[in-house]
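Structural overview for review
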Amino acid sequence: MDWLESMNRVAGYMEEHLTERVSYGAMARMTGCSVYEFSRIFSFMTGMSLSEYIRRRRLSQAVFDLQAGERVVDVGLKYGYDSPTAFARAFRELHGVSPTEARKPETRLKTYPPISFQFT
């Protein structure tokens, strides 16, 4: 398996585990690197840390859950936040609005699509 294919497998792993604890060790093993090396390579390739990417993806998915009518507290817990306050703070920091405001159809939000790696 080549490097590009293993990085895309890692991206798939992250998407499958957005509502769970994501194992940095498992992702590093998929690429044949140490956790330290993998984290550095990921940051170099994407321009953001691994934890920042996962946070952005979780909060992007949270938008869809909120707009589907799920309760704020349930969405926060689903994506690993210990309290509605912590979730609301992180949500506002990324999107610029509260989770409740995000439900309004006219609200403009930033969402981050799943990453994929390719040579161009």
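The structure under discussion appears in the preceding block.
First, a word on scope: everything that follows refers to the structure included in this document.

Conventions and cut-offs
- Residues numbered from 1 in each chain as written.
- Predicted model: local features only at pLDDT ≥ 70, side-chain atom pairs only at ≥ 80, totals over all residues.
- Heavy atoms only, no water.
- Helix = DSSP H or I, 4+ residues; strand = E, 2+ residues; numbered from the N terminus.
- Expected span 1.5 Å × (residues − 1).
- Buried < 20%, exposed > 50% of the residue type's maximum accessible area, 1.4 Å probe, protein only.
- Arc of directions from axis to C-beta.
- Contact = heavy atoms within 4.5 Å.
- Phe/Tyr/Trp six-rings, centres within 6.5 Å; stacked < 30°, edge-to-face > 60°.
- Lys, Arg positive; Asp, Glu negative; His and termini not counted.
- Salt bridge = Lys/Arg side-chain N within 4 Å of Asp/Glu carboxyl O.
- Polar contact = N/O pair within 3.5 Å; in protein donor to acceptor, adjacent residues only side chain to side chain.
- Axes fitted to C-alpha atoms, helices over the stretch in contact; angles between N-to-C directions.
- Parallel < 35°, antiparallel > 145°, perpendicular 65-115°, else oblique.
- Nonpolar A, V, L, I, M, F, W, Y, C, P; charged D, E, K, R; others polar.

1. What about helix 3 (residues 35-46)?
For helix 3, spanning 12 residues, the distance from its first C-alpha to its last is 16 Å, which sits close to the expected 16 Å at 1.5 Å a residue. Listed as buried for helix 3 are F38, F42 and T46. Along the axis of helix 3, the buried positions cluster into a sector of 45°, meaning they face one direction only. Along helix 3, exposed side chains directed more than 90 degrees from the buried face belong to Y36, R40 and F44. Buried residues belonging to helix 3 abut helix 1 (3-16), helix 2 (24-31) and helix 4 (50-67). Of the residues trailing helix 3, G47 is marked for its positive phi of about 80°.

2. Considering the packing of aromatic side chains
The description of an aromatic ring pair uses the distance of the two centres, along with the angle that the planes make with each other. Taken as a whole, this structure holds 5 aromatic pairs when the rule is applied. Put simply, the rings of F38, F42, Y53 and F117 touch in pairs and so form one group of aromatic residues.

3. Overview of the side chain of R58
If you trace the backbone, R58 turns up in helix 4. Despite its burial, R58 pairs with no opposite charge; the closest candidate is E20, at 8.1 Å N-O. There is a polar contact of 2.6 Å between the side chain of R58 and the backbone oxygen of E20. Setting aside chain neighbours within four positions, we find R58 in contact with H17, L18, E20, R21, V22 and Y79.

4. A word on the packing of helix 1 against helix 3
How two helices pack is summed up by the angle between their axes together with the distance between the axes. For the pair helix 1 and helix 3, the least separation of the axes is 13 Å and the interaxial angle reads 95°. The orientation of helix 1 relative to helix 3 falls into the category roughly perpendicular. Facing W3, M7, V10 and M14 of helix 1, the residues of helix 3 in contact are F38, I41, F42 and M45. Residues that form the contact of helix 1 with helix 3 fall into these classes: 8 nonpolar, no polar and no charged.

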